[in-house]
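Structural description and commentary
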Amino acid sequence: MIDHATEIDPFAPGTLDQETELAALTHALEFASGFSLLFVLCNQAPQRRRLMAEVRARLPQFTIQEIHFSEPVNHLLDALRERLTSPLPDAVFVSGLEHSLPALASASTTSFIANLNASRNSFPQAVPRPLVLWVPEYVLAAMAQGAPDLFSIRSGVYAFAASPDELAGFAHTLSAGEHWQTHSLPLAEKRDRTAAIERLLAEYETLPIGQRDRRAELRLFDRLGVLLYAQGNYPEALHQFQRALKLAEELGDVAGVASSLHQIGMLHQVRGNYEEALDHYQRSLKTLEELSDMAGVASSLHNIGALHQARGNYEAALDHYQRSLKIAEELSDMAGVASSLHQIGNLHFIRGNYEAALDHYQHSLKIAEGLGNVTGVAGSLHQIGRLHHARGNYEEALDHYQRSLKITEELGDVASVARTQGLIGLLFSETGNYTEAFQLLLSALATFRQLQSPNARIAENSLKTLRARWGEQAFDAAWRAATGEDVPEWLQEVRDEIS
Amino acid sequence: MTLANDHLCFLLSGHIGCGKSSELKRLERALTDVAPTEDCYFPVLIDVSEYLDDYDVSVTDILLAIVTELADTLRAKLNVELKDSYFTKRLNEIKEFFLSEVEIKEGELSLGSAKAKIQRLKKDPTARQKVRELLEPKMSTMLEEINLVFEEARLALKKQPQPGLLKQPCRDLVIILDNLEKIRKIGAVEEGLASQRELFLERYTQLTGMRAHFIYTVPLRLVRSADGPQLEQRYGPLFVLPMIKVIERGTREPFSAGVTSMMEILRKRLGGLELEEVFHAEALDFLLIYSGGHVRNLMIFVQNACTYTTTLPIPLSAAQKAIKQTVNTYSSSIPENHWGKLAKLDLSPDQRVPNGDEDYLKMLENLSLLEYVNGGDDDIFAKAEPWYAVNPIVRELKKFTEARQKPTDAKQS
């Protein structure tokens, strides 16, 4: 039950919780007599379908006609006139308008938007019913800007944030590109290098004090940390970076201190300790600026951007990515350019601007391919898969996921493997392949827990959803067969509320 | 109009959703609903968006709309059929472009029955283009002929009307063009302000060359631009509908007379319920304050607030939720370089907008800046002068408060 009395901060941008918005939308439909124009902001196709089903379930007495456009339409009103049933339904849901709008910043000046604005007075007569336009964020923005007269006759806008168990999770965040070469080594070679460095370090440590090369040891700690990080061995990686930090401090090597702080920041970030990560990045950034190490500054800005993104501060994130991008361009650091583009693509994705997101991913993908940066390639494929997934193009999505997974498995990049498995699991859960979905989500969950990743919670939610879809009996039997244990408490609780 | 010995032209402007159309409808009623001793005027209210494609307009389209609507109104209200032959002929020359074969076979198209058919041109760019090709070379003749149509109409108005149609004979015609300010593109001219300049300033001889009283709605953005003063010289008196003044100029203290009239507007729409039954006091205050005196915004907020509650009176929390999406729209759509300017205006002692700054014109258009009048105390000039206040919702946003605290933005002059 929703608590209507709860006061909110009305001036902080953001969305209300799903239950509040669903109740309000349902109310608005019940109240409406004749034409009324409602907007529902929802970026993802599967979520949209689920919400539509939910509204129907809450209004069983209502006839609702769903009109989905999978092709561009030039004139919405005419297109609706052709499709409306007779007798008229009690309400009309329209989706797929994003196909009629290019991704460009000029979306608001297209003929589709112009026609929409010009035909505003004819809507009440042609559709004397509540008309609900389900649109992603960028389409809403284009309409508000380009069709202000139509927008001003709206009765309401209801917004739904992506829920944490869905595509919002498992995003592939590309960190700054500085170690892409290490990350792109095949797993066998990573193991080889790791073993070789460990041997070397052991030998250094056996040398008499006078003969030890502390600077070489510092370089080796750092290198070892990067290799371990690339294999998802976070505790060991952290240990090596901490050793490096301590040594750099002893040596008075400010550049080394900055580098270690940056790496430690990344390890906090992957575990969701954002405050600590930010603290480390900022300390590192300060030194790098003093040293005029522009490549390092770009990496810091990039990762701080990713932190802002993880906390939902999208504008701050964009600002950081753009600053990082500018430096990388000046330095002709193409890997840096590619990772900034990737992250800017992620921001477009979050706003539902899929075309712009795709543009960025493809650009990033092309650079990564040119460099032989396979880890970047895998990241782009993963995200392009998510795009198709969000649009409901399951085949395309699966194809991209599998190509990404093939690469990350070869690289031993367990974190990326788990993310992609999680998404394939979600996809199968949506398409009814429950057994496969179960195995993938369970495997992803195990990895995320081992990595202490915040994605673990998302995987748990996905499993709860799967249990609801599949049926408790079948799910529980599969659980017992796979784990040899009874279904744990957390699976029987209701899904976490949307954060 | 009664005192004037020539035809007059008036301009009406104001923010989107400030009530222009409602005022024009009121005027339409008031013109015929007069005491026997007063002069009666026959209004023809044309919603041009029924005829024009905002993004592709030519002056001939507007003239055609005027003639068609006039003929239709005369037929509907007075049972008068215009006998004009010029436009009837032209219509029948162009009818093949927008009539079906069946309709063409039905014979001659009369002016009085052409409205629905002419309106089809709005959605048929090809037909529209062909019609223009035929009519544009005849523009000066068209203007002459339109004036003849007006003469014919006036003659009909001065005759004693049939019982039940009008109280008394009408002295003249008043042609009202509503939604004309929404036109975005004229011919090949660039969209937006440039097109609006083209229509209202470059082509003004056509709009002012017709012999009847005219009222045109013009975009506020053009009125407040550097070219604004020319409008009044070329047309005549300009009326700007301001926001209802709900706060005092400068201090932003509530202005009780304005708040009371907003409450009155609301009360009339409550279907007999009392304000107290519908709103918790703090919810009502919240909605009134954050409407900024903009009537349509207030109505949208109220409608929206109703959906966030299951019981009446509406609690504050529902009112707060109702403005959430407006908050989101403003915080994501206001261009970065506007925040400093908004802050500067907010901090300025006189709340005036620097002349010729296009950014401020954009702010007026997207309602981040609202226009008020009656800000002065006793000075009659200050009293009539418009002043501006940042939209109260925009004022609460983080980006605004940050910009307001930045000394550099505030000091720049």
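A brief look at the structure comes next. Note that this is a predicted model, so its numbers are computed, not measured.

Here the focus is the overall build of chain A. Regarding its fold elements, chain A presents 24 helices and five strands. For chain A, contacts bridging at least 24 residues in sequence account for 69% of all contacts bridging at least 6. For chain A, the accessible area works out to roughly 20,600 Å², and carbon and sulfur atoms hold 50% of it.

Quick look at the environment of A:Leu398 now. Residues and elements named next belong to chain A. Mapped onto the elements, Leu398 comes out in helix H19 (residues 394–411). Considering only alpha carbons, one finds Leu398 and Gly385, 13 residues apart in sequence, at a separation of 6.7 Å. Apart from the residues lying within four places of it in its own chain, the contact partners of Leu398 are Ile424, Leu427 and Phe428.

A common measure of how large an interface is: the accessible area buried when the components associate. The interface is formed by 41 residues belonging to chain B together with 45 residues belonging to chain A. With both sides pooled, the region where chain B packs onto chain A buries about 3,500 Å², and carbon together with sulfur makes up 51% of that total. The largest per-residue losses of area from chain B upon contact with chain A belong to B:Tyr308, B:Lys324 and B:Gln325, which jointly make up 17% of the total buried on that side. Inspection of the chain B/chain A interface yields three salt bridges.

Of the volumes computed, that of the second largest pocket is approximately 1,600 Å³. The wall of the second largest pocket is formed by 50 residues, among which A:Ile153, B:Ser22, B:Arg269, B:Arg296 and B:Met299 lie closest to the centre. Looking at the lining of the second largest pocket, the elements that each hand over two or more residues are helix H1 (18–31), strand E1 (36–41) and strand E5 (154–159) of chain A together with helix H1 (20–32), strand E2 (41–47), helix H12 (256–267) and helix H15 (295–307) of chain B. In terms of residue class, the lining of the second largest pocket is built from 19 nonpolar, 12 polar and 19 charged.

Here the focus is the packing of aromatic side chains. How two aromatic rings sit relative to each other is set out by the distance from centre to centre and by the angle between their planes. All names here are of chain A. Inspection of every chain in the model, using the stated rule, returns 20 aromatic pairs over all chains. Both rings, one in Phe475 and one in Trp479, keep their centres 6.3 Å apart while their planes meet at 20°; by these two values the pair is stacked. Taken as a pair, Phe475 and Trp479 lie in helix H23 (residues 472–483) at a separation of four residues, close to a single helical turn. Take Phe475: its relative accessible area is 0%, and that puts it in the buried class. One aromatic cluster in this structure is built from Tyr434, Phe438, Trp470, Phe475, Trp479 and Trp490.

All names here are of chain B. Ordered by their spatial adjacency, five strands build an open sheet running E2-E3-E4-E1-E5, and the pairing between neighbours is parallel. Strand pairing shows two members of the sheet lacking a second neighbour, E2 and strand E5 (238–241), which therefore form its edges. On average, each strand axis in the sheet is tilted by 15° relative to the strand beside it, whichever way the strands run. By the bridge criterion, four bridges tie strand E1 (residues 9–14) to strand E4 (residues 213–217) in an arrangement that is parallel. Among the inter-strand pairings, Leu12 is bridged to a residue of E4, identified as Thr217. Across the sheet, helix H2 (residues 59–78) is in contact with E2, strand E3 (172–178) and E4; its angle to E2 comes to roughly 125°.

Another point: the pattern of salt bridges. Per the stated rule, a full pass over the model turns up 52 salt bridges over all chains. A salt bridge links A:Arg403 to A:Asp399; the shortest N-O distance between them is 3.4 Å. Linking A:Arg403 with A:Asp399, this pair stays in helix H19, spanning four residues, or about one helical turn. By relative accessible area, A:Arg403 is classed as partly exposed at 42%. Among the ionic pairs, B:Glu151 bridges to B:Arg154, the shortest N-O distance being 3.5 Å. Remark: B:Arg154 and B:Glu151 occur in helix H7 (residues 139–158); sequence separation between them is three residues, near one turn of the helix. Note on B:Arg154: relative accessible area 6%, which makes it buried. In this structure, a network of salt bridges that share partners links the residues B:Asp53, B:Asp56, B:Asp61, B:Arg128 and B:Arg132.

Rules used in this analysis
- Residues numbered from 1 in each chain as written.
- Chains lettered and ligands numbered in written order.
- Predicted model: local features only at pLDDT ≥ 70, side-chain atom pairs only at ≥ 80, totals over all residues.
- Heavy atoms only, no water.
- Helix = DSSP H or I, 4+ residues; strand = E, 2+ residues; numbered from the N terminus.
- Contact = heavy atoms within 4.5 Å.
- Areas by Shrake-Rupley, 256 points an atom, 1.4 Å probe, with all protein chains shown as cover.
- Buried area = accessible area lost by both parts, 1.4 Å probe.
- Salt bridge = Lys/Arg side-chain N within 4 Å of Asp/Glu carboxyl O.
- 1 Å grid on protein atoms, 1.4 Å probe; cavity = no way out; pocket = protein on both sides within 12 Å on 5 of 7 lines; lining within 4 Å.
- Points joined across faces, edges and corners; volume = space filled by probe spheres on them.
- Nonpolar A, V, L, I, M, F, W, Y, C, P; charged D, E, K, R; others polar.
- Phe/Tyr/Trp six-rings, centres within 6.5 Å; stacked < 30°, edge-to-face > 60°.
- Buried < 20%, exposed > 50% of the residue type's maximum accessible area, 1.4 Å probe, protein only.
- Pairing = 2+ DSSP bridges.
- Axes fitted to C-alpha atoms, helices over the stretch in contact; angles between N-to-C directions.

Limitation: the analysis is restricted to geometry and does not speak to function.
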